[in-house]
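These are the residues of each chain, in order.
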Amino acid sequence: MRSGRVRQKISKSVVDAAAPETKRYTIWDMALPGFGLTVAPSGLKTFIVRYRAKHPHAPKRFVKLGRYGVLTPEEARRKATAVLGEVAQGRDPAYESAQASKAITFDATCDWYMEQHVRAKRKQGTAALYSHIIETKLKPQFGKRFLVSISRPEVAQFHYSLRRTPAMANRMLAVLAAIYNWASRTDLIDENINPARKIEKFKETAKDRYLSLEELGRLGRALREAEQAGFPYQYDRSKATAKHGAKPGDRNVHFSPFAIAAIKLLTLTGCRVGEVLQLKWHEVDLGRGMLHLADSKTGRKTVLLGTEAIRVLASLPRIAGSEYVIAGESDGRRVDLKRPWKAIQRHAALEGVRLHDLRHSFASIGVGASLGLPIVGKLLGHTQSRTTERYAHLANDPLRRASELISSEIASAMRSPVDTSDKLADAERVNQEVEDVTKKDA
């Protein structure tokens, strides 16, 4: 096929049969002048309409109607007919669309994107992350700028300016690319406009932190102390607010039993923080020792509970009017774990350990006990095996201990050589006895 020379009645069979070539080409419709289908070398098929506006020296205009698959040939034909009808009335749809897209601001596009796409089609956690990145990073940087005026060098420089936090820099880039992709899919801008495209991301270092058995012991002691007596009150007497510190008779900081229970459950189940904080009583089956999560990062999920986790859940009271397991004692709202965890962190000397690291520690114990990656992945709710493979190196721990034991024995023997003369004599005597028996049998 050759561009501009192919004319057929555009139908489903014709579109399906249109194979990609080394260069982009167009099939023009025989029945509706100006209606066409472009076929890219990648195989992408797009319906278009071509026209010339009714004014002197008007150039040819092209309007992209939509991609095949999103539109059927019949739907595309109706859209083309509507565009040509506007042209017949003296309008110039392509020019009007171009002018309108130039006036679209970045912050307005972000608001539309969040409202019409993210909050409507993505999980609550994803929406919260996108909103945070947009409000704290993207809007302050690009704000009232026109969407089409933001250039790739600008975005690359902004990405570089966030290099000290590579993970956030890469998330910003991904969200920005998603915004422009959505804008092009909804025909706000041309599909070729995306300043976040072709910018190389920073290399990220995985923050896998596993608590040792000794650290888990410290955590357990800190949780028991927080639950029973609380932690000693600490404040800086040099501060102006020192006079408002705790009175001598009440020097301990007390914690909500729900916050303590939440941290215990995170440690004992390997659940994500959001899964524990959003857990509802109707999802808890203590009789069979299960949690039936209606929604999680990977969709519906069943969590198997050990005896200790069951005991923690059974000890929690139900707050009237609240459906949440981890609830505020007064108003039933979910508990914020940031402040309690910071205090427990400090008291257990676990500075730098995140709540999510408790999930890593759950996995590390399982893998280190030779339970196998598939079993550990199933317990964690991983849907893909490569997600669990990040813990594969921990499976070598038993082998490492065995290697250490053997090498220690060998090193001990080498440091303290024994007299082998008696053993050699015994060996020679045994060999002689075997030789004598052999000769006798012969």
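Just above, that's the structure.
The structure displayed is predicted, hence computed values, not measured ones.

What counts, and at which threshold
- Residues numbered from 1 in each chain as written.
- Predicted model: local features only at pLDDT ≥ 70, side-chain atom pairs only at ≥ 80, totals over all residues.
- Heavy atoms only, no water.
- Helix = DSSP H or I, 4+ residues; strand = E, 2+ residues; numbered from the N terminus.
- Buried < 20%, exposed > 50% of the residue type's maximum accessible area, 1.4 Å probe, protein only.
- Contact = heavy atoms within 4.5 Å.
- Areas by Shrake-Rupley, 256 points an atom, 1.4 Å probe, with all protein chains shown as cover.
- Pairing = 2+ DSSP bridges.
- Axes fitted to C-alpha atoms, helices over the stretch in contact; angles between N-to-C directions.
- Parallel < 35°, antiparallel > 145°, perpendicular 65-115°, else oblique.
- Left-handed = near helix turned anticlockwise from the far one by under 90°.
- Nonpolar A, V, L, I, M, F, W, Y, C, P; charged D, E, K, R; others polar.
- 1 Å grid on protein atoms, 1.4 Å probe; cavity = no way out; pocket = protein on both sides within 12 Å on 5 of 7 lines; lining within 4 Å.
- Points joined across faces, edges and corners; volume = space filled by probe spheres on them.

S.K.: So what exactly am I meant to see when it comes to the overall build of the protein chain here?
M.R.: A tally of regular secondary structure across the protein chain gives 17 helices and 10 strands. Here the protein chain, with 442 residues, has 37% of them falling under the buried criterion. Looking at the protein chain alone, contacts between residues at least 24 apart form 54% of all its contacts between residues at least 6 apart. Within the structure as shown, the protein chain displays about 27000 Å² of accessible surface, and the carbon and sulfur contribution to it stands at 54%.

S.K.: Help me understand the sheet that holds strand β8 (residues 284-285), please; the structure alone is not making it clear to me.
M.R.: Ordered by their spatial adjacency, 3 strands build an open sheet running β8-β9-β10, and the pairing between neighbours is antiparallel. With partners counted over all chains shown, the strands left at the sheet margins are β8 and β10 (301-304), one partner each. Two elements, β8 and strand β9 (residues 290-293), share 2 bridges in a ladder whose sense is antiparallel. When the bridges of β9 are listed, V284 appears paired with L291.

S.K.: What should I look at first to understand the packing of helix α6 (residues 152-161) against helix α7 (residues 166-185) in this one?
M.R.: Axes are the key here: two packed helices are described by the angle between their axes and the distance separating the axes. Where α6 contacts α7, the axes come no closer than 8 Å and their chain directions differ by 150°. When the axes of α6 and α7 are compared, the pair comes out roughly antiparallel. With respect to the hand of their crossing, α6 and α7 are arranged in right-handed fashion. Contacts from V155, F158 and H159 in α6 reach A169, N170, M172, L173 and L176 in α7. Here the contact of α6 with α7 is built from residues that sort into 6 nonpolar, 2 polar and no charged.

S.K.: Is there a simple way to think about unusual backbone geometry in this case?
M.R.: For residues that are not glycine, phi is negative in most cases, and the peptide bond is trans in most cases. The phi dihedral of K198 is positive, around 70°, even though this residue is not glycine. Among the secondary structure elements, K198 is positioned in the loop between α7 and α8 (213-228). A positive phi is found at A349, a non-glycine position, where the angle reads about 55°. In this structure, A349 sits in the loop between α12 (338-347) and α13 (357-368).

S.K.: So what exactly am I meant to see when it comes to the pairing of strand β4 (residues 45-52) here?
M.R.: The two faces of the sheet receive side chains in turn, since in a regular strand these alternate between them. Extensive coverage of β4 is indicated by the burial of 6 of its 8 residues. Here strand β3 (residues 35-39) runs beside β4; their pairing, made up of 5 bridges, is antiparallel. Note that in β4 the partner of G36 across the bridge is I48. Strand direction decides the pairing type here: β4 and strand β5 (residues 60-67), joined by 7 bridges, are antiparallel. Each residue of the ladder has a partner; that of V49, found in β5, is V63.

S.K.: Would you take a moment to explain the layout of surface pockets for this structure?
M.R.: To find the voids left in a structure, one rolls a probe of water-molecule size over its atoms. Space inside the second largest pocket adds up to approximately 770 Å³. Considering the residues around the second largest pocket, the lining is formed by 27 residues, among which F62, V63, K64, D190 and E191 are closest to the centre. Breaking the lining of the second largest pocket down by element, the ones donating at least two residues are β4, β5, α2 (73-88) and α3 (93-102). Ranked by residues supplied to the lining of the second largest pocket, first place goes to α3 with 5 residues. Looking at the lining of the second largest pocket, its residues break down into 14 nonpolar, 7 polar and 6 charged.

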